[in-house]
Amino acid sequence: MFKAICISISISFFLACEDKPKEEEIVLPVVHQYTSYFTGNTTDKKTSPKGGVCLMGGSSEDDNAMRWFLNQSDGGDILVLRTSGSNGYNDYMYSELGVTINSVESIVMKNKDASYDTTLYRKINQTEGIWFAGGNQWNYVNYWRNTPIDSLINAGIKNRGIVIGGTSAGMAIFGDYIFNAKNGTVTSEEALGNPYHEDVSIDSINFIDVKYLEHVIMDTHYSQRLRQGRHVAFMARLVKDFGVNAKGIAADERTAITIGMDGIAKVYGESNKAFFIQMTGPVPESCVANQPLNWSADSTALKVYEVKGTSNGSATFNLDDWETGSGGAWHHWFVIDGKFNSKSF
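A short tour of the structure in this document, coming up. (Residues numbered from 1 in each chain as written. Predicted model: local features only at pLDDT ≥ 70, side-chain atom pairs only at ≥ 80, totals over all residues. Heavy atoms only, no water.)

The next point concerns the sheet that holds strand S13 (residues 256–259). Strand order in the open sheet formed by 10 strands is S3-S6-S5-S7-S8-S4-S13-S14-S17-S18, and the pairing between neighbours is mixed. Edge positions in the open sheet fall to strand S3 (34–40) and strand S18 (325–326), since each of these has one partner strand only. Of the strand pairs in this sheet, strand S17 (residues 315–318) and S18 are connected by two bridges, and their pairing is antiparallel. Across the sheet, residue Phe-317 finds its bridge partner in S18, namely Gly-325. (Pairing = 2+ DSSP bridges. Helix = DSSP H or I, 4+ residues; strand = E, 2+ residues; numbered from the N terminus.)

We now examine the pattern of salt bridges. Under the criterion given, the structure shown has 10 salt bridges. Across the pair Arg-230 and Asp-219 runs a salt bridge, and its minimum N-O distance is 2.8 Å. Taken together, the residues Arg-230 in helix H8 (residues 228–242) and Asp-219 in strand S11 (residues 216–219) connect sequence positions 11 residues apart. Each member of the salt-bridge network shares a partner with another, and the members are Asp-219, Arg-227 and Arg-230. (Salt bridge = Lys/Arg side-chain N within 4 Å of Asp/Glu carboxyl O.)

Attention shifts here to the environment of Gln-278. With respect to the element layout, Gln-278 can be found in strand S15 (residues 273–279). Sequence-wise, Gln-278 and Asn-245 are 33 residues apart; in three dimensions their C-alpha atoms are separated by 7.9 Å. Among residues more than four places away in sequence, those in contact with Gln-278 are Met-235, Ala-246, Lys-247, Ala-301, Leu-302, Lys-303, Phe-317, Trp-322, Glu-323 and Trp-330. (Contact = heavy atoms within 4.5 Å.)

Next up on the list: the nonpolar core. The nonpolar side chains of a soluble globular protein tend to be buried with one another. Among the nonpolar cores identified, the biggest contains 71 residues, and Phe-69, Met-93, Phe-132, Phe-174, Ile-249, Phe-276 and Leu-319 are the most heavily contacted of them. Dropping the residues within four chain positions of it, Phe-276 is found in contact with Gly-248, Ile-249, Ile-257, Ala-265, Val-267, Lys-303, Val-304, Tyr-305, Val-307, Phe-317, Leu-319 and Trp-322. If you look at the next biggest cluster of nonpolar residues, it comprises 33 residues, including Val-186, Leu-192, Ala-297 and Phe-334. (Core = buried A, V, L, I, M, F, W, Y, C linked by side-chain atoms within 4.5 Å. Buried < 20%, exposed > 50% of the residue type's maximum accessible area, 1.4 Å probe, protein only.)

Attention now moves to the sheet that holds S15. Reading across the sheet, the six strands line up as S11-S12-S15-S16-S19-S20 and stay open at both edges, with mixed pairing between neighbours. Edge positions in the sheet fall to S11 and strand S20 (339–344), since each has one partner strand and no second. Looking at each pair of strands side by side, their axes are set apart by 25 degrees on average, direction ignored. The sheet contact formed by S11 and strand S12 (residues 247–251) spans four bridges and is parallel. By the bridge assignment, Ile-217 is partnered in S12 with Gly-248. Sitting on the sheet, H8 touches S11, S12, S15, strand S16 (302–308), strand S19 (328–336) and S20, and the angle it makes with S11 is about 160 degrees. (Axes fitted to C-alpha atoms, helices over the stretch in contact; angles between N-to-C directions.)

Pasting the structure below:
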């Protein structure tokens with residue numbers, strides 16, 4: 001016969017009996033707000049990363065550009081940050097590309113609470129390279145910005161010279177300005193027809209600080225999804241709302257842009273292109289809500305260096321001067337009554 005039953009709220013409980021209560025303690029595991037997939041050596045290896053950024057336009061990765069990214073880590077540890085998916089990059093980076101690195105760890109963050117997990121801080125502080133997978137760029141901005149995560153990433157770029165990169169949404173988050181997709185995606189037709197469409201959500205708050213990307217806004221899956229027009233609308237918003245000399249960088253699918261510490265952008269991917277877009281000077285003639293965009297400047301509003309990728313990244317563009325390139329061709333882009341136009345010059 002039991003005398004009493006005692007329950008402790010501190011995860012301990014008592015098994016009461018005739019002679020003496022016996023206390024047993026239940027130890028619950030630490031519940032992280034992320035899932036980790038680890039491949040490689042568990043002992044941290046400190047190397048001398050060489051910095052730079054690798055931008056991929058989505059779909060499948062370009063292997064040679066990814067080799068460049070891994071080599072920039074100097075054989076160190078790679079951290080893949082994502083908010084969906086699992087371990088798809090682990091074997092690819094660690095053993096399939098022929099570049100020796102110490103480890104790959106993919107972190108799938110479940111919510112913003114993960115940005116306050118101190119174990120994750122240590123991982124970021126020990127890595128020599130960070131890769132941002134594709135997914136939903138609003139989750140990336142919402143989960144990480146103004147938390148210790150973006151601060152630690154930026155410190156790693158500035159103080160330790162880590163290499164960074166990303167594909168699709170992972171590319172879109174670079175640059176001074178971001179199309180954050182907070183309200184969902186938007187088509188070129190929608191953005192050109194109304195540059196203040198509710199889905200044209202342009203973000204001006206700094207997130208990831210990367211040299212040579214001042215006043216730049218990115219776009220991806222470019223030619224495949226006909227995004228040239230919406231990208232011009234994004235740039236028009238930068239001019240109208242923030243008064244900056246807007247620039248754009250874009251990549252087609254299966255296309256990559258690597259940017260070294262000298263500012264030279266190399267374009268990889270033999271079947272598709274990258275685009276480097278800048279204003280010629282005049283601001284949009286009309287960029288207002290509920291009306292079509294007009295940005296013509298006598299059909300010269302923007303000048304664009306269009307570069308077809310190569311297997312070895314031999315086609316280049318200089319982001320230090322935004323004028324010098326090799327292997328590409330110049331075009332003018334302009335918009336009349338919400339219609340996108342392009343011509344060579």
